Amino acid sequence: MTSLDLTTAPGRPPVARLTCSVEELAEHRPAVDRAVAEHGAVLLRGLALPDEAAAAAAASAVTSRLMAEYEPFAPRTELRPGLYSSTEWPPDQPMCMHHELSYARTVPSRMVFACLTAPAEGGAVALADGAAVLRDLPAALVARFERHGWELRRSHNGPVGVDWQTAFGTTSRAELERYCAANGIGLRWGANGVLRTSRVRPAVLRHPGTGERVWFNQIAFLNEWTTDPAVRDYLEFEFGPDGLPFNTLCGDGGSLGRAEVDLINEVYEAHTVREPWCSGDVLVVDNLRTAHSRDPYQGERRIAVALADPWTVGADADADAGPGADAGPGPATGVSRS
């Protein structure tokens, strides 16, 4: 049975050095799966990734099914079917911890980050164990969000974020409205065609593989208090307090204070591990268990990203990958507004 020679150290994810080609990587899939199951992520080092085609092949070798991204919170470019650029985010600004698409009904259970060009400085994809984060958050805060879930409000209206046509992959209002109705997303149209949406999702899930309870959401990342203060002030001045591109609340409609958001981010930081990129690295992440972020960086940074192996929150069946597909049954939120 093939195994990986893992190097582990405090503050770092497990790193496995490989001598195989990308074409041979699939032979290591069982060992990669075992490492991800044990550690929540593994960094594969030593591969040659000369181009996007090689990155796509590597992603396919360590996943079962690539999926299209939908409802992104910021722009990214599709490089090849199932392979995307990293999210367009200011290089001098950190991207806070989150589980990819945790506000959606169907989420990638696995993510792959392939480094085509390592930055001169910084830019690591940092990781945090969602089960450990949950254990260290205050019990009262967890109980509140576990009972009510978390609410994401989005406004597709300005220079930050993406327009609704890009987010939902359609230019048809009727198709958009059908998708939102099928996926538990409330919407309203404002002046000049501005779309505002809201949805409530679970803040805690039980991992389908391990049975562990995991803090699984983007409560802190997409909250107004995590937004750069100057940017937040400008957006509120231009579009009003309800015009922020995204904001989060408790699922009962209660707002979060700065102290609560800061506390969540501090607990994430206490459990954060990171490894500087080397060109050719492939980072395989269990998105259900492990949150990720991005450090600020300098120099050119080319990271190809694949979302894979879709999993429906609260169910065992697969679901749609966007408004152009069969919407299937409505979302299973498992939360209450009472």
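Structural data are supplied above this passage.
Residues numbered from 1 in each chain as written. Predicted model: local features only at pLDDT ≥ 70, side-chain atom pairs only at ≥ 80, totals over all residues. Heavy atoms only, no water.

*Asks:* Help me out: how do you make sense of empty space enclosed by the protein in this one?
*Replies:* Summary: where empty space remains is shown by rolling a probe the size of a single water molecule over the atoms. One pass over the full model with this rule turns up 3 cavities of 30 Å³ or more. Looking at the largest cavity, its volume works out to about 140 Å³. The wall of the largest cavity is formed by 14 residues, among which Ser86, Thr87, Met95, Phe113 and His292 lie closest to the centre. Of all elements in the fold, only β7 (95-98), β19 (290-294) and β21 (302-312) reach the threshold of two or more residues within the lining of the largest cavity. Looking at the lining of the largest cavity, the element that brings in the most residues is β19, giving 3 residues. Tallied by class, the residues present in the lining of the largest cavity amount to 5 nonpolar, 5 polar and 4 charged. Quantified by volume, the second largest cavity comes out at close to 40 Å³. What lines the second largest cavity is Pro13, Leu43, Val125, Leu127, Arg274, Glu275, Trp277 and Leu283. Considering only residue class, the lining of the second largest cavity consists of 6 nonpolar, no polar and 2 charged. (1 Å grid on protein atoms, 1.4 Å probe; cavity = no way out; pocket = protein on both sides within 12 Å on 5 of 7 lines; lining within 4 Å. Points joined across faces, edges and corners; volume = space filled by probe spheres on them. Helix = DSSP H or I, 4+ residues; strand = E, 2+ residues; numbered from the N terminus. Nonpolar A, V, L, I, M, F, W, Y, C, P; charged D, E, K, R; others polar.)

*Asks:* Whenever I open this one, the nonpolar core confuses me. Can you help?
*Replies:* Across soluble globular proteins, nonpolar side chains have a tendency to be buried as a group. Within the largest apolar cluster, 58 residues are counted, with the highest numbers of intra-cluster contacts made by Phe113, Phe145, Phe168 and Trp215. With residues up to four places along the chain from it excluded, the contact list for phenylalanine 145 reads Trp150, Ala203, Trp215, Ile219, Leu249, Cys250 and Leu256. Formed by 29 residues, the second largest nonpolar core is a distinct cluster that contains Leu18, Cys20, Ala31 and Ala54. (Core = buried A, V, L, I, M, F, W, Y, C linked by side-chain atoms within 4.5 Å. Buried < 20%, exposed > 50% of the residue type's maximum accessible area, 1.4 Å probe, protein only. Contact = heavy atoms within 4.5 Å.)

*Asks:* What is the right way to read the state of the cysteines from this model?
*Replies:* Disulfide: a covalent bond formed between the sulfur atoms of two cysteine residues. According to the stated counting rule, one finds 0 disulfides in the structure shown. Here cysteine 96 is not disulfide-linked; the sulfur of cysteine 250 is the nearest cysteine sulfur, at 20 Å. (Disulfide = S-S within 2.5 Å.)

*Asks:* What am I meant to see in the packing of aromatic side chains here?
*Replies:* Inspection of every chain in the model, using the stated rule, returns 8 aromatic pairs. Relative to tryptophan 215, the ring of phenylalanine 145 has its centre 6.0 Å away and its plane inclined at 85°; by these criteria the two rings are edge-to-face. In this pair, phenylalanine 145 sits in helix α4 (residues 139-148) while tryptophan 215 sits in strand β15 (residues 213-215), placing the two residues 70 residues apart along the sequence. Of the two residues, phenylalanine 145 and tryptophan 215, both sit in the buried class. Stacked on the ring of phenylalanine 145, the Lys or Arg arginine 144 has its end atom at 5.6 Å from the ring centre. Here arginine 173 stacks its cationic end above the ring of tryptophan 189, 3.9 Å away from the centre of that ring. (Phe/Tyr/Trp six-rings, centres within 6.5 Å; stacked < 30°, edge-to-face > 60°. Lys NZ or Arg CZ within 6 Å of the ring centre and 35° of its normal.)

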